[in-house]
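Report on the structure
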Amino acid sequence: MTYVRNCWYVAAWDSELARGQPMAMQVLSERIVLWRGDDGAIHALEDRCVHRMAPLSLGRCEGVNLRCMYHGLLFGPDGGVLEIPGQDKVPPQAKVRAYPVAVRHSWVWVWMGDPAQADEALIPPAVGYDDGRFILGHGHLDYAAQARLICDNLLDFSHLTYVHAASFQAGPTFAERLPEITPLERGVRFSRWSQNVPNIRDPNSAERFDNYMTYDFLLPGVLLMESASFMARTAAALEFGPPDFDTAIAGRNFTSQAVTPLTEGTARYFFNWGPHGDHGDEAMRDGMMQLAAMAFGEDKVMIEAQSRVIADSPGYAVMPTAHDRGVTLYNRIVERLAREEGGAGR
Ligand code: FES
Ligand SMILES: [Fe+2]
């Protein structure tokens, strides 16, 4: 599979890393150990001791350093060995790979490419649970499927009509109508107005809304979506352009999601979701998280089943439909950037 390496990949939720407890992770089939030193900073090294390849994730945090608990080599956050028990000299090759790490928007991001090119400006502008405006629940789901298939799913919401009829009660319009699509430098923007829809929280009310949803799907697999209800006729008044979310009258919510390839055939899907503080509370957030758990379970069943069929289908190619425009645009960016970097950072 083709993946861009010069990208920040989500490796964990910030809250998953307790001080002094190393955590094993895999990104793009590379074993990584993450830990939070006693200064609070998070570090990431190759999870393979330079001595005899024991996992450093079974190691012990000492200050900002990490000790392999097989024969006791002590590693600094830069991957260099600081101590070898029973030996005075540390040879120059005694080091493991260190990954640039950034903590932003409640996520721990790891740069998988050339460390010299790690640029924090490339971190997608996600909304984390540390953002005061939204009340967000969060979680993750592991997939026995290629990350690429999950990205493709998130790039084509026509599946909502069929896969999420039970959970999101998505009607026919997701499949019948194409969204507005705008190519971005490192992704694709999708937006959709739904006009004159009833208030789902109060179906007996005569009140009608114009609903707007928009999301950016950005490298290396990050979905950032905001939606809300506006007064009826807002869409027409704006000539179907984007609204100012501060003028929403109900239902404003945000979700940040990230797909991280663990190995060739497995992936971790991180997500948060919840209402804006003006339009909901913690009880609403909990209800939304229950709905998300159901909906993401529906996706997982379909995508893992699809993945098994694909694995058994050498020589078959996909047949894109009109709804695949976003999928195609995004995957073209992935292929171009991967080609341009030509294995950088390996
Ligand atoms: S394998 Fe790590 S110290 Fe021996
Ligand atoms: Fe879905």
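Residues numbered from 1 in each chain as written. Chains lettered and ligands numbered in written order. Predicted model: local features only at pLDDT ≥ 70, side-chain atom pairs only at ≥ 80, totals over all residues. Heavy atoms only, no water.

Notes on empty space enclosed by the protein
Note the cut-off: Think of a 1 Å grid over the protein atoms and nothing else: a 1.4 Å probe that fits but is trapped marks a cavity, an open set flanked by protein within 12 Å on at least five of seven lines marks a pocket, and residues with an atom within 4 Å of a point count as lining. Grid points are joined across faces, edges and corners, and a volume is the space filled by probe spheres set on the points. In this text, helices come from DSSP runs of H or I with a minimum length of four residues, and strands from runs of E with a minimum of two, each type numbered from the N-terminal end.
Enumeration over the complete set of coordinates arrives at 1 cavity of 30 Å³ or more. What the largest cavity holds in volume is close to 80 Å³. Taken together, Thr-2, Tyr-3, Val-4, Tyr-9, Arg-148, Cys-151, Leu-219, Pro-220, Tyr-330, Asn-331 and Val-334 make up the full set of residues lining the largest cavity. Those elements that place two or more of their residues in the lining of the largest cavity are α1 (147–154) and α6 (325–341).

A closer look at the packing of aromatic side chains
Defined as follows: Ring pairs shown here join Phe, Tyr and Trp side chains whose ring centres sit within 6.5 Å, with only the six-membered ring taken for Trp; geometry is labelled stacked below 30 degrees between planes, edge-to-face above 60, and tilted in between. The buried label goes to any residue with under 20% of its type's maximum accessible area, the exposed label to any with over 50%, and the partly exposed label to all in between, with areas taken from a 1.4 Å probe on protein chains only.
Counting across every chain of the model gives 18 aromatic pairs. Taken together, a centroid distance of 6.0 Å and an interplanar angle of 50° make the contact between Tyr-212 and Phe-245 tilted. With Tyr-212 in strand β15 (residues 208–218) and Phe-245 in the loop between α4 (234–237) and β17 (250–263), this pair connects stretches of sequence that are 33 residues apart. Here Tyr-212 falls in the buried class, since its relative accessible area comes to 6%. Exposure remark for Phe-245: the relative accessible area of 12% places this residue in the buried category. An aromatic cluster of three or more residues is present, and its members are Trp-13, Trp-107, Trp-109, Tyr-129 and Phe-270.

A short note on the coordination of the iron ion (ligand 2)
Reference values for coordination geometry: four tetrahedral donors around a metal ideally subtend 109.5 degrees, six octahedral donors ideally subtend 90 or 180 degrees. Under the convention used in this document: For Na, K and Ca the donor cutoff is 3.2 Å, while for all other metals N, O and S atoms must lie within 2.8 Å; water is not among the atoms, so some sites may look incomplete. Irregular is the label for any site that misses the other tests, which are tetrahedral for four donors with all angles between 85 and 135 degrees, and square planar for four donors or octahedral for six when opposite donors exceed 155 degrees and the remaining angles lie between 65 and 115.
The iron ion (ligand 2) binds to the protein through His-159 (NE2), His-164 (NE2), Asp-299 (OD) and Asp-299 (OD), with metal-donor distances spanning 2.1 to 2.3 Å. The site at the iron ion (ligand 2) holds 4 donor atoms, and with the angles between them running 58 to 145°, its shape is irregular. Of note, the donors binding the iron ion (ligand 2) are all from one chain and are spaced H-x4-H-x134-D. The exposure classification of His-159 matches that of His-164, with both residues buried.

Notes on the environment of Arg-233
Relative to the elements of secondary structure, Arg-233 occurs in the loop between β16 (222–231) and α4. The spatial distance from the C-alpha of Arg-233 to the C-alpha of Asn-196 is 7.4 Å, given a sequence separation of 37 residues.

Section: the pattern of salt bridges
Defined as follows: Any carboxyl oxygen of Asp or Glu within 4 Å of a side-chain nitrogen of Lys or Arg constitutes a salt bridge here.
Going through the model one piece at a time under the given rule, you end up with 18 salt bridges. Ionic contacts of the salt-bridge type, sharing partners, join the residues Arg-60, Glu-62, Arg-67 and Glu-83 into one network.

Focus on the layout of surface pockets
Convention followed: Classification used: nonpolar for Ala, Val, Leu, Ile, Met, Phe, Trp, Tyr, Cys and Pro, charged for Asp, Glu, Lys and Arg, polar for all others including Gly.
Approximately 1,300 Å³ is the volume found for the largest pocket. As for the largest pocket, its lining consists of 45 residues, of which Phe-168, Phe-174, Ile-200, Asn-211 and Trp-273 are closest to the centre. Looking at the lining of the largest pocket, the elements that each hand over two or more residues are α1, α3 (173–176), β14 (187–198), β15, β16, β17, β18 (266–275) and α5 (282–311). It is α5 that contributes the most residues to the lining of the largest pocket, 7 residues altogether. Of the residues belonging to the lining of the largest pocket, the class tally is 23 nonpolar, 18 polar and 4 charged. By volume, the second largest pocket is sized at about 1,000 Å³. Of the residues assigned to the lining of the second largest pocket, the class counts are 13 nonpolar, 10 polar and 6 charged.

Overview of the side chain of Glu-30
Where we set the bar: A 3.5 Å cut-off defines polar contacts: any pair of N or O atoms within that distance qualifies, except that in protein one atom must be a possible hydrogen donor and the other a possible acceptor, and neighbouring residues in sequence count only when both atoms are side-chain atoms.
Take Glu-30: it is sitting in strand β3 (residues 30–36). By relative accessible area, which is 15% here, Glu-30 ends up buried. Side chain to side chain, Glu-30 and Arg-97 meet in a polar contact 3.3 Å long.

Remarks on the nonpolar core
To keep things clear, this is the line we draw: By convention a nonpolar core is built from buried Ala, Val, Leu, Ile, Met, Phe, Trp, Tyr and Cys residues, the set being connected through side-chain atoms within 4.5 Å. How far each domain reaches was decided by an automatic or database domain assignment.
Of all hydrophobic cores here, the largest spans 77 residues; its most connected members are Leu-34 and Phe-217. Broken down by element, this core gets its largest block of residues, 7 residues, from α6. Two domains each put at least three residues into this core: domain 1 (8–122) and domain 2 (137–338). By size, the runner-up hydrophobic cluster in this structure holds 15 residues, among which are Val-33, Cys-61, Val-81 and Ala-94.

Topic: the sheet that holds strand β4 (residues 42–46)
Applicable threshold: DSSP calls a pair of strands paired once it identifies at least 2 bridges connecting them.
The strand order across the open sheet built from 4 strands is β2-β3-β4-β9, with neighbouring strands paired in antiparallel fashion. Both outer strands of the open sheet, β2 (23–27) and β9 (98–99), are each paired with one neighbouring strand and no more.

Digging into the domain arrangement of the chain
Where interface size is quoted, it is often the accessible area lost as the parts come together. Here is the rule we go by: When checking whether two residues touch, look at their non-hydrogen atoms; a contact exists if any pair is within 4.5 Å. Buried area: the sum, over both parts, of the accessible surface (1.4 Å probe) that disappears when the two are put together.
Partitioning the chain into structural domains gives domain 1 (8–122) and domain 2 (137–338). The gap between the C-alpha centroids of domain 1 and domain 2 is 33 Å. Taken together, the contact between domain 1 and domain 2 spans 16 residues of the former and 18 residues of the latter. The largest per-residue losses of area from domain 1 upon contact with domain 2 belong to Tyr-9, Trp-13 and Trp-107, which jointly make up 38% of the total buried on that side. Applying the counting criterion to the domain 1 and domain 2 interface returns 0 salt bridges.

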